[in-house]
Structure formats: structure tokens, C-alpha cells
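Observations on chain architecture
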Amino acid sequence: MTLFARARRWLTAHPLAFDSGLASAVFVCMLIGSFVEPHGPYGPTFGRAPGALSVVLMVLVSAVLVLRRRSPMVVLAATSGLSLVELITGEPRAPVVMSAVIALYTVAARTDRPTTWRVGLLTMTVLTAAAMLSGPLPWYAQENLGIFAWTGMAAAGGDAVRSRRAFVDAIRERAERAERTREEEARRRVAEERLRIARELHDVVAHHIALVNVQAGVAAHVMDKRPDQAKEALAHVREASRSALGELRSTVGLLRQSGDPEAPTEPAPGLARLGELLDTFRNAGLQVEVVRVDDGTPLPASVDLATYRVIQEALTNVQKHAGAEATAEVSVIRVGRQIEITVLDDGPGFQGPPDGGGHGLLGMRERVSALGGSCTAGPRYQGGFRVHATLPLRALTGERT
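Just so you know, these numbers come straight off a predicted model, no measurement behind them.

**Brief notes about the overall build of the protein chain**
Counting its secondary structure elements, the protein chain contains eleven helices and seven strands. Across the 401 residues in the protein chain, those meeting the buried criterion constitute 37%. Here the contacts in the protein chain between residues at least 6 apart in sequence split such that 67% fall between residues at least 24 apart.

**Details of the sheet that holds strand β7 (residues 385-392)**
Judged by pairing direction, the sheet is mixed, and its five strands sit side by side in the order β3-β4-β5-β7-β6 without closing on themselves. A strand with exactly one partner marks an edge of an open sheet, and here the two such strands are β3 (287-293) and β6 (374-379). Across this sheet, the average inter-strand angle for adjacent strands is 10°, counted without regard to direction. Sheet topology note: the strand β4 (residues 327-335)/strand β5 (residues 338-345) ladder contains eight bridges and is antiparallel. Across the sheet, Ile333 pairs through a bridge with Glu340, a residue of β5.

**Details of the environment of Glu325**
Summarising the element assignment, Glu325 is placed in the loop between α10 (301-321) and β4. Here Glu325 falls in the exposed class, since its relative accessible area comes to 72%. Along the primary structure Glu325 and Gln287 are separated by 38 residues, whereas in three dimensions their C-alpha atoms are 8.4 Å apart.

**Examining the side chain of Thr116**
With respect to the element layout, Thr116 can be found in helix α6 (residues 113-133). On the basis of relative accessibility, which here comes to 6%, the residue Thr116 falls in the buried class. A polar contact is formed between the side chain of Thr116 and the side chain of Thr111, at a distance of 3.5 Å. For Thr116, the residues in contact, after removing those within four places along its chain, are Val107, Ala108, Thr111, Leu121, Ala155 and Asp159.

**Remarks on the pattern of salt bridges**
As a working rule, side chains carrying opposite charge can pair if their charged atoms are close by. One pass over the full model with this rule turns up eleven salt bridges. Asp159 is the salt-bridge partner of Arg113, the closest N and O atoms lying 3.0 Å from each other. With Arg113 in helix α6 and Asp159 in helix α7 (residues 142-222), this residue pair connects regions lying 46 residues apart in the sequence. Owing to a relative accessible area of 13%, Asp159 belongs among the buried residues under this scheme. A salt bridge links Asp169 to Arg172, with the nearest nitrogen and oxygen atoms 3.0 Å apart. Taken together, the positions of Asp169 and Arg172, both in helix α7 and three residues apart, correspond to about one turn of that helix. The network of salt bridges with shared partners includes Asp19, Arg68 and Arg69.

**Examining the confidence of the model for the protein chain**
Of all residues in the protein chain, 80% have pLDDT values of 70 or greater, and the mean over the chain is 79. Note that residues 351-356 has pLDDT below 50 and, in this model, three contacts with residues that lie over four places away or in other chains.

**What to know about the pairing of β6**
Pairing of β6 with β7, which is carried by six bridges, proceeds in the antiparallel orientation. Its bridge partner being in β7, Pro379 is matched across the sheet by Phe385. Two successive antiparallel strands, β6 and β7, enclose a turn made up of five residues, where Gly383 displays a positive phi of approximately 110°.

**With respect to the nonpolar core**
If you look at the biggest cluster of nonpolar residues, it comprises 34 residues, and the most contacted ones within it are Val288, Val310, Ile311, Leu315, Ile341, Val387 and Leu391. Examining the composition of this core, we find that eight residues originate from one element, α10, more than from any other. Not counting residues up to four positions away in its chain, the partners in contact with Val310 are Ile341, Met364, Val368, Val387 and Ala389. By size, the runner-up hydrophobic cluster in this structure holds 20 residues, among which are Val26, Val101, Leu104 and Val119.

**Remarks on the environment of Pro38**
Along the chain, Pro38 falls in the loop between β1 (36-37) and β2 (45-46). Note on Pro38: relative accessible area 26%, which makes it partly exposed. Residues Pro38 and Glu143, spaced 105 residues apart in sequence, show a C-alpha to C-alpha distance of 9.1 Å.

**Here we look at helix α4 (residues 72-89)**
The end-to-end C-alpha separation of α4 is 26 Å, in line with the 26 Å expected for 18 residues at 1.5 Å each. All of the buried residues along α4 are Pro72, Val75, Leu76, Thr79, Ser80, Leu82, Ser83, Glu86 and Leu87.

**A look at the layout of surface pockets**
Computed from the structure, the second largest pocket encloses a volume of approximately 850 Å³. The wall of the second largest pocket is formed by 31 residues, among which Ala94, Pro95, Val97, Glu143 and Ile147 lie closest to the centre. For the lining of the second largest pocket, the secondary-structure elements that each account for two or more residues are α2 (15-34), β1, α4, α5 (97-110) and α7. Looking at side-chain class alone, the lining of the second largest pocket contains 19 nonpolar, six polar and six charged residues.

**A few points about a nonpolar patch on the surface**
Taken together, the side chains of Leu53, Val56, Leu60 and Val85 present a nonpolar region at the surface, about 310 Å² in accessible area. It is helix α3 (residues 52-65) that contributes the most residues to the nonpolar patch, three residues altogether. In this fold, Leu60 is placed in helix α3.

About the thresholds
- Residues numbered from 1 in each chain as written.
- Predicted model: local features only at pLDDT ≥ 70, side-chain atom pairs only at ≥ 80, totals over all residues.
- Heavy atoms only, no water.
- Helix = DSSP H or I, 4+ residues; strand = E, 2+ residues; numbered from the N terminus.
- Buried < 20%, exposed > 50% of the residue type's maximum accessible area, 1.4 Å probe, protein only.
- Contact = heavy atoms within 4.5 Å.
- Pairing = 2+ DSSP bridges.
- Axes fitted to C-alpha atoms, helices over the stretch in contact; angles between N-to-C directions.
- Polar contact = N/O pair within 3.5 Å; in protein donor to acceptor, adjacent residues only side chain to side chain.
- Salt bridge = Lys/Arg side-chain N within 4 Å of Asp/Glu carboxyl O.
- pLDDT = per-residue confidence, 0-100.
- Core = buried A, V, L, I, M, F, W, Y, C linked by side-chain atoms within 4.5 Å.
- Expected span 1.5 Å × (residues − 1).
- 1 Å grid on protein atoms, 1.4 Å probe; cavity = no way out; pocket = protein on both sides within 12 Å on 5 of 7 lines; lining within 4 Å.
- Points joined across faces, edges and corners; volume = space filled by probe spheres on them.
- Nonpolar A, V, L, I, M, F, W, Y, C, P; charged D, E, K, R; others polar.
- Patch = residues over 30% accessible without salt bridge, like charges linked within 9 Å, V, L, I, M, F, W, Y side chains within 5 Å.
- Areas by Shrake-Rupley, 256 points an atom, 1.4 Å probe, with all protein chains shown as cover.

Listed below in C-alpha cells is the structure:
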């Protein structure tokens, strides 16, 4: 860092020191200017001395300028008043009005534009009028016109600095807000992805573990009396375990990929595999009937997967909570531009948490809501449990049929 940059940083951190130095520089300039005779025979010359009152006024306005940042309006009023005293009584005049120019610049740089216009015009008018109407010089003398010009330039320069500072601050704030927005968006996406992964893992694990549990119970029950049926149940356990491991391996594999995910080697779960899903429940002893009135409608991938997962989760809950003698009915019906999925059972009802469901039902509702659909689940009036979901054929993700 250069010496100039270090000095600038120090002065920025210590504004009072900067203002003290500025006030001292202004005092030196006013003092030197007070010895100049602008109307000498051969141009401006050093040929006069300031009066005692002029020296006192120069000291006072220089001292007042030290406080220009803390009270810009008060400093402007004080320097303008002392400048008026010098313009009216000074003979010859000392350039005390220089302090009012600095004070006007400070006011313009630290207030709004309407205030700058009002205060600037008032200061310009009062000081210029006092200079033109008093003193031995004619009203059109260059010293009088110079007051008008310098006060006008001070107001314009301060307003320009204020506008640029506001523009830079706005750009900085916009950049900081954009950075915060990006961070919030990244956190939101991470949270959504965690929820999606949690739903997928829950659907996969809950379904297959429920089947394994049922089939293992069957195998243990008939192991001694009907070993052939026990072997069949264990085969179903092995098949369910293999399917669970396969789906878990696929999910974890997608999470491990650092780039774009590779195309899956097998079709994603959907209504095309509904028969396989129902067979797994039937093999576990659950009686399931299915009614489809969807005319083989091709669904968007996200809607197809959500439909499959809703049916899977609903039947898993029937398997776990409805009892061994319960039966289930699954219906998939197209109604206009929507697909309606209903799963009914005639068991005693879902005996879950008091809030109306566990992670499975919550994940089901989140999955359906994310696609712009609706999902309800609750006990039936006649007994049993009912899950009903409605999904649009054109999902919020932008996929088309």
C-alpha cells in the first residue's frame, strides 16, 4: 500500500483530524489572500494588510469549520453570518467568504437535493447582495460576481458528490442483497433436497422393511408345520431385501455423483410398475383390488413417481396398521386434467401419532403439494382408512404430458 493510500485511509478513519487540517488550510489561504491587492496598477500585488477585525473573523470561521460534519447547517449559518460582517465592515475586505463556500459544499454533500437548492439559493443571494450593495466597489465588480459563482459551484459540486455517493451505496447495497439472496436460495435448495432425499429413503425403506417384517413373521409362524410355506416366505424376504438394497444403492449413487447424474439403468418407479408393487403386497398376504380409469394416460415423470409413491406408502400403512384380515382398494382415475388416486382399507383405522400421521403421511403430502396437487388422509366413517390425492397432469415443474 502506498503512502498516499495509507494517509487517505487514516484520514477517513479520523474525520476530525481531516477537518482540522482543512480549517487550517482555509485559514492560511484567507490570510494570504487578505494581503493581496487585486486592483494594483499592474494587476494583483501584495500591498495591503488586513484589519484586526478581519483577522479575528478569519480565526473564528476557521475554528467553526472544524465542526462542519457534526452540524453542517449551524456551521453554514455561522460562516455566512461572519462573512456578512466582513463584507459590510471590512475595508479592505478579507476573503472570509471562502469559509461559507466550504460550509455550503458540506451542506450540499450531506443533505438532499431540495434542501441544497433552498439553502444554496438563500446563501448565494444573501452573500452576493451584501457584497454588491456595500463597499466602495461597483456592484458588477469581479469580486462580487466571484462570490455568486463560487457559492453556486459549491452547491452544485456538493450535490454531485452526494449523488455519486448515494449511487455507489445503492450499488453496494444491491450487491450485498444479491449475495444474501444467493445464500438464502442455496440454503433453501439444500433444505428442499434434504427433504426430497428423506422422502425417497423413507418410502423405499418403510415399504420393503414392512414386507420383510410380515414375511419374516409368516416364516417364523409356519417354520415347523409347513416348511415349504416358510421357504416361500423367506424367498419373499430375500426378494424384498434385494429390492430395498437396489433402490438404496441407486439413491446413494446419485448422491455421490459430483456432476450431472447419469441416466438410470432401470425405469423409475411409476404406474407402469404398479402391478409389481401390488404383487409384493399380495405375496405378503394383503388382499388388494385395483381399478384404473386413466386410459393409459402418459404422465410427467414427477407426477408418475408421486403417484407410485402415494400408493406405495398408503398400502404400506395398510400392511402395518390395518390388521391381517384387512383388504385394500386402489383406484387411479383421470378426471379432466387431473389424476386422482384413492386407497381405501377396511381395517380398524390408523393408530398413529395424535397429530394425524407420521413421516410417511407428511412426506406424502409434501410430495403432492410440491407438484401443485392436494392430499388428504384420515379414518373413514364406516371404518378403515382413506388416502386421497389429486395431481395435475401438468406439474409445477414445467413437465408436459
